[in-house]
Structures are given as C-alpha cells and as structure tokens.
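Each chain, letter by letter, is given below.
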Amino acid sequence: MPFAITQNCCADATCVSVCPVNCIHPTPDEPDFGTTEMLYVDPKSCIDCGACADACPVDAIFPIQALVGPERAYAEINASWFDTVTPGAPAPTRELVTPAPRADRPTFHDWNKPTFDRVLPPDFPTLRVAVVGTGPSGMYAVEDLLLHTDAEITLFDRLDVPDGLVRFGVAPDHPATKQVAHNFSRLRKHPRVQQRFGVEIGRDITHAQLAADFDAVIYAVGAHADKRLGIPGEELAGSVSATRFVAWYNGHPEVPADEFRLDSERVVVVGNGNVALDVSRILVSDPDSLAETSIAPHALAALRASAVREVVVLGRRGPEDAAYTRPEALALGHLPSADLVVDDHDPRIGAAIDAAGPKEHASVLAEVRREAIDWSAPPPAGRRIVLRFHSSPLAVEGEGTAAALRVTGGSGDLSLPATRVMRAIGYRGDAVPGLPFDEASGTVANTTGRVADMPGTYVVGWIKRGPSGGIGTNRRCSAETVACLLDDVVAGVVQPAPRKRRRFRSAFAG
Ligand SMILES: Cc1cc2nc3c(=O)[nH]c(=O)nc-3n(C[C@H](O)[C@H](O)[C@H](O)COP(=O)(O)OP(=O)(O)OC[C@H]3O[C@@H](n4cnc5c(N)ncnc54)[C@H](O)[C@@H]3O)c2cc1C
Ligand SMILES: NC(=O)c1ccc[n+]([C@@H]2O[C@H](COP(=O)([O-])OP(=O)(O)OC[C@H]3O[C@@H](n4cnc5c(N)ncnc54)[C@H](OP(=O)(O)O)[C@@H]3O)[C@@H](O)[C@H]2O)c1
Ligand code: SF4
Ligand code: SF4
C-alpha cells in the first residue's frame, strides 16, 4: 500500500533524498518545485518502504490506508498530480533507481560523515560565518554550511528564543509543522555552532562590527512589518493587523497579552492568503481543541470568552486567484467547530468554481455551500467562515472605532457591519541598518543572495526574496546563497577576517 503526502507538507524536499525509487515529485531540480504547494508520491512507483515518513520533519507522510477523515482526499490528490505532465516539464521519473549506499546519502542526521564537497582554498583558515536570524532560512543556511564545509558558525537572534516564524507565526493548531523546530534545534547543538540570543544587529551591535569579526555574514532576519491597505479609517480602533494578532496568539514577547479583545460578533479579515485562513480558523476554533497546543494562555482565555461567531474572509479577486494553498482551504471546509460558506453575490464566483478542473485552485470550493448573504442581519447561530470574493475594501467606517467595512460588490458597494477589521494582506521587510534596502519590495538589495556592493555579506529567506513561500521554500533559497558565498571564498572575494580580534566574541560570549 503506497504512502501519500498530506496537508502539513512544507515542501522542504527532505523526503526526496531518502526515497529509494525516486517517486516523490516535483524534486528540487524539476521546474514545478519553486511553485508547488506540496510534494506528491507517485502511488504506481512507491514500494512502501516508509523511509520518507521517517525523514519528514513535520509528519506529513502516511500509508494510504492510515489516512482518516478529510485526509483520505490526499490519496487522490497525490495520485492525480501524476495524471498529467506539466507542459514543458520533464516527465516525473518512474523507473526504479538503485538506492545509494546509506553513507553517501546526505541527510539531516549524517553528522559523522559530512560531505565537504566544497573545497575551499588551502590557505583559507577555517571559515567563520555569522548567521543573523534563527528562523527557517537562517537554519537552512546553517545546515548547508555544516554539511558542505567545515565552517564555524555563530548564530544571532534579537529575541531570547529561536525559530522565528515557526514559533511566532505558524498557527498553534499546526503542531506537526512546528515540529520542524526539532531539526533546527539539532543544528544549533552542533559543536561548530555557537548561539547568541537577545542580540539585535543594528541596535546592540552594528553590521560593521559584525563584518570585522567574521569572514562572512548571512542575514536571515525575515519580514516582520505588515502591509497597509491605505484606505480611509484604517487607523480606527478595531482596525488591526493579522501580523500582530498572529504574534499575540503565539505569545510573542513584544505583543501585550491584553492587546486583543474578541468582543465583536463579526470579524472581517481582508486578504486571501494562508495567513488570512490561519487567523480565521483560530477565531472560530473550539478553544478546547487548542488547549493542548502551544497557543499563548492569554489567547486561549480570550478565545474561551470570545463573542466571535462569524469571520468574513475578503478576497479582492476570484476563487481562481486566491493566494491560499489548496491543502489549507480544504482543511477549512472540515472544521468541526464552524461552517464554511461562499457568499454568492457575483455570478463570476459560482462560474469559476464550477468550471475548475480537479487540479485548479477554485475546485477546492466545489463542495462548499453557496448562498446570498443578507449583510444587514446579524450572523446566524453557531459559528461560520464566509468567503467573499470579488470584493475590495474601500474604507473602515466608524466614529473613533470601527463599525463597518465598506467594500465593493457585484451589485454595488455595501457596508459589512463589523467592529473588528483585520488586514491579512502580507508581511513586509524592515531595513537592516548598514545594508542597502529596496523600499519597493521591502527587501535588502541583492542578487541571488549577494548583498549589493558589500562583498562578504549575504541574505536568505524573506528578507532576500520578499514575504512569500512556506518553510521548505527557504531551503533552496538558502542553498543558493550559501553556494554564492562559497564561490566567493574560492574566487578570493571573501577574505579572512583578522583572527587576532576576539573583543566581539568575548563581549557576547554566552
Ligand atoms: C502567520 C504565518 C504562518 C505561517 N505558517 C506556515 C506554515 O504553517 N507552513 C509553512 O510551510 N510556512 C508557514 N509560514 C511561512 C514561514 O513561516 C516562512 O517561510 C519562514 O518563517 C520565513 O523564514 P525567515 O527565516 O526568512 O524569517 P523568520 O522566520 O521571520 O526568521 C527571522 C528571524 O530573524 C530574527 N531577527 C530579525 N531581525 C533581527 C536582527 N536585526 N538581529 C538579530 N535577529 C533578528 C527574528 O527574531 C527571527 O527569529 C507562515 C508564515 C506566517 C507569517
Ligand atoms: N499553512 C501554511 O502553509 C502557511 C500559513 C501561513 C502563511 N504561509 C505562507 O506565508 C506566505 C505569506 O502569506 P500571506 O497570507 O501573508 O501573504 P500572501 O500569500 O501574499 O497573501 C496576501 C493576500 O492579501 C491580498 N491583498 C494584498 N493587498 C491587498 C489589498 N490592498 N486589498 C485586498 N487584498 C489585498 C492578496 O491579494 P492579491 O492576490 O489580489 O494580491 C492576497 O490574497 C505565503 O507564501 C503563505 O503561503 C503558509
Ligand atoms: S515536509 Fe518535506 S519531507 Fe515532509 S512530505 Fe513535505 S517535502 Fe517531504
Ligand atoms: S514509502 Fe518509500 S518508496 Fe514510497 S514514497 Fe516513501 S520513500 Fe519512496
């Protein structure tokens, strides 16, 4: 009985390297890899060995017969990916390949046999790299350096705890996804890794100080600010950002426990990405189902006392263009605590859902009830999430505090009464003092990870390419940057920092 990959997959491709028959696709060298929502097992080739399930950091792989409830759909979702081949892409390989001997397969756990496949100049002393940020992109950079060089690495984070958005972003009802942090913690314990928490580069020490003490510096500082709607009333009390709300329910030390009161019957969430779905799901979840998770105690208490009965998820485009991934939307339809409804206010919505082929985005809503909603009435009994497409926010209305969100609609503009409006329209990177910043994209100016005009300084993750992509996306992104760094060492662009300087290290020795 073959295995199948399910909802939690973050596309980091760990399973690809352990599969003896190459039946997990797309692989990192196939064109679809950069855009795929998840990876898929070809049931016709899978030999049921279980190696992928053992290797998966987020417990996303199961034998098909072990799938229960909504997860059963993943048997078909995996198989159907192999039904057609993406135009222009090579066909997924189905031949049996000889498994490589275990020692030659670099995996997360092969610490005793690192493949120092990057030969650095013999006169270069042991490479010393500072990695700023302990989220996924920083940790994948560390992994790559440890596996392919004998570099010594010092990790920095401005917070007292590691893991970036894995800890303070990923929703608490995705505990398996948060497990990826176990792999990161193993990397941090490696003898060639030192760590300094509570040190913010740009505040506690400057980039120039860091650059003088290390041969190379990799910034993995993420994108923590939030985008603004730029509409009237956005500053009213009650108009909030999902960025803060997410940090609040995950117990971020910089968000006060009493920042959010859940006293609104209806919350309008603007945006159609996975963050919009995360916050909507948490808002209507049964608090008991969250009690055993990592949710902050103050958030759990607020959810227990919550007045929220309806969350309206507002997409400015149609269901075919939603930014959320299909596994997350599918899961929304199976919440035990809330109904899912599509607001049928525009004929384009039903048409797009009905016309969608099985692999197309809008098809995930095929089974979801559609109804024309009377927005002048209070939300009905029970809890529900309403997906409203083709509707842009125009203004937050209210005197001092939000009372409604004015939006566009097929038959004219209207006001959705709500005292809480939450924008989930994307994150944004902050400038790093001392590094060139591209205001338009909110990223440090770089080419494939090399910071512009600053040899020896590199970026990875969201601060490199902008705030998009799941955890696994950062793995390839970091590998690209580390490859550039090592090329620069070989080319003499990166020069060894003076070894006699120990002032910095002793000043921050933990
Ligand atoms: C709400 C939310 C939920 C998500 N859920 C999922 C999910 O379920 N599955 C999935 O695959 N992906 C998910 N993602 C995407 C995933 O979290 C990102 O792809 C990933 O975290 C980006 O990694 P990063 O290393 O670039 O940034 P981050 O994870 O943000 O890490 C940046 C780190 O840098 C530190 N830092 C920042 N500035 C400084 C400084 N000046 N000095 C020192 N340290 C600094 C920060 O404290 C932080 O630890 C989610 C994203 C969000 C926003
Ligand atoms: N479970 C998971 O795997 C998970 C969970 C959370 C986050 N993530 C990942 O993290 C990344 C960030 O997610 P995100 O949700 O913050 O961002 P996102 O995927 O970029 O989605 C942003 C959404 O906001 C909309 N939007 C932007 N500006 C708007 C405006 N002015 N008015 C109305 N709508 C507007 C966008 O619509 P348009 O498309 O029309 O621009 C889009 O629907 C994504 O790659 C996501 O997949 C993954
Ligand atoms: S999370 Fe990684 S290892 Fe797990 S199924 Fe997805 S790609 Fe494979
Ligand atoms: S069970 Fe074995 S053969 Fe099947 S996908 Fe996983 S690693 Fe490959």
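Residues numbered from 1 in each chain as written. Chains lettered and ligands numbered in written order. Predicted model: local features only at pLDDT ≥ 70, side-chain atom pairs only at ≥ 80, totals over all residues. Heavy atoms only, no water.

A look at the overall build of the chain
- In terms of helices and strands, the chain carries 17 helices and 25 strands.
- Its C-alpha radius of gyration of 24 Å places the chain within 12% of the 24 Å reference for a compact globule of 510 residues.
- With the principal axes as the frame, the chain shows a C-alpha extent of 75 × 55 × 40 Å.
- With 510 residues in all, the chain has 53% of them scored as buried. (Helix = DSSP H or I, 4+ residues; strand = E, 2+ residues; numbered from the N terminus. Rg over C-alpha atoms; globule rule 2.2 N^0.38 Å. Buried < 20%, exposed > 50% of the residue type's maximum accessible area, 1.4 Å probe, protein only.)

Digging into the pairing of strand β13 (residues 339–343)
- Among the five residues that make up β13, four are buried, leaving the element largely enclosed by the rest of the structure.
- Pairing geometry for β13 and strand β15 (residues 384–388), over four bridges, is parallel. In the sheet register, Leu-340 faces β15, and the bridge partner there is Ile-385.
- For β13 and strand β14 (residues 369–371), the ladder comprises three bridges, and the chain directions are parallel. Opposite Val-341, over in β14, you have Arg-369 as the bridge partner.
- In this region the chain leaves β13, passes through helix α14 (residues 347–355) and returns to the parallel neighbour β14; the handedness of that crossover is right-handed. (Pairing = 2+ DSSP bridges. Right-handed = clockwise from strand over helix to strand, strands pointing away.)

Some remarks on the confidence of the model for the chain
- Taken as a whole, the chain shows an average pLDDT of 90; of its residues, 91% reach a score of 70 or greater.
- Below a pLDDT of 50 lies the segment residues 502–510, which in the model reaches 19 contacts outside its immediate sequence neighbourhood of four places, other chains included. (pLDDT = per-residue confidence, 0-100. Contact = heavy atoms within 4.5 Å.)

What about the domain arrangement of the chain?
- Domain annotation of the chain identifies domain 1 (3–104), domain 2 (128–224 + 429–507) and domain 3 (229–424).
- Domain 2 and domain 3 are separated by 34 Å when their C-alpha centres are compared.
- Each side of the interface is counted separately: domain 2 has twelve residues, and domain 3 has 18 residues.
- Roughly 1100 Å² of surface becomes buried between domain 2 and domain 3 when both sides are summed, with 54% attributable to carbon and sulfur atoms.
- If you sort the residues of domain 2 by the area they bury against domain 3, Phe-168, Pro-172 and Asp-173 come out on top, with a joint share of 51%.
- The interface formed by domain 2 and domain 3 holds two salt bridges in total.
- A salt bridge links Arg-158 to Glu-254; the shortest N-O distance between them is 2.6 Å.
- Of the residues contributing to the side of domain 2 that touches domain 3, the split by class is five nonpolar, three polar and four charged. (Domains from an automatic or database assignment. Buried area = accessible area lost by both parts, 1.4 Å probe. Salt bridge = Lys/Arg side-chain N within 4 Å of Asp/Glu carboxyl O. Nonpolar A, V, L, I, M, F, W, Y, C, P; charged D, E, K, R; others polar.)

Some points on the site of ligand 3
- Neighbouring ligand 3 are 13 residues, the closest being Cys-9, Asp-12, Ala-13, Cys-15 and Cys-56.
- Within the shell around ligand 3, the residues separate by chemical class into eleven nonpolar, one polar and one charged. (Near = heavy atom within 4 Å.)

What to know about the packing of aromatic side chains
- One pass over the full model with this rule turns up nine aromatic pairs.
- Ring centres of Trp-81 and Phe-82 lie 5.1 Å apart, and the angle between their planes is 80°; this geometry places the pair in the edge-to-face category. The residues Trp-81 and Phe-82 share a single accessibility class, namely buried.
- Ring centres of Phe-156 and Phe-214 lie 6.2 Å apart, and the angle between their planes is 90°; this geometry places the pair in the edge-to-face category. (Phe/Tyr/Trp six-rings, centres within 6.5 Å; stacked < 30°, edge-to-face > 60°.)

Some points on the layout of surface pockets
- Roughly 1100 Å³ of internal volume is contained in the second largest pocket.
- Along the wall of the second largest pocket there are 48 residues; nearest its centre are Pro-70, Pro-327, Leu-330, Ala-331 and His-334.
- For the lining of the second largest pocket, the secondary-structure elements that each account for two or more residues are α3 (73–81), α6 (175–178), α11 (287–290), α13 (326–332) and β13.
- Counting residues per element, the lining of the second largest pocket draws most heavily on α13, at six residues. (1 Å grid on protein atoms, 1.4 Å probe; cavity = no way out; pocket = protein on both sides within 12 Å on 5 of 7 lines; lining within 4 Å. Points joined across faces, edges and corners; volume = space filled by probe spheres on them.)

Describing the site of ligand 4
- Close contacts around ligand 4 come from 13 residues, with Cys-19, Cys-46, Cys-49, Gly-50 and Cys-52 the closest.
- Taken together, the residues that form the shell around ligand 4 break down as eleven nonpolar, one polar and one charged.

A word on α14
- When we look at burial in α14, the residues that qualify are Ile-349, Gly-350, Ala-352 and Ile-353. Mapping the buried residues of α14 onto a view down its axis gives an arc of 160°, with all of them on the same face. Away from its buried face, by an angle of more than 90 degrees, α14 presents the exposed residues Pro-347, Asp-354 and Ala-355. (Arc of directions from axis to C-beta.)

Quick word on the sheet that holds strand β17 (residues 404–407)
- Reading across the sheet, the three strands line up as β16-β17-β18 and stay open at both edges, with antiparallel pairing between neighbours. Whereas interior strands pair on both sides, the edge strands pair on one side only; in this sheet they are β16 (393–397) and β18 (414–417). Direction aside, neighbouring strands of the sheet carry axes that sit 25° apart on average. (Axes fitted to C-alpha atoms, helices over the stretch in contact; angles between N-to-C directions.)

Description of the packing of helix α4 (residues 136–148) against helix α7 (residues 180–188)
- As a packed pair, α4 and α7 sit with axes 10 Å apart at the nearest point and diverge in direction by 50°. Overall, the two elements α4 and α7 adopt an arrangement that is oblique. Where α4 crosses over α7, the handedness of that crossing is left-handed. Of α7, the residues touching α4 (which contributes Pro-136, Met-139, Tyr-140, Val-142, Glu-143 and Leu-146) are Val-180, Phe-184, Leu-187 and Arg-188.
- When the residues that make up the contact of α4 with α7 are grouped by side-chain class, the tally is eight nonpolar, no polar and two charged. (Parallel < 35°, antiparallel > 145°, perpendicular 65-115°, else oblique. Left-handed = near helix turned anticlockwise from the far one by under 90°.)

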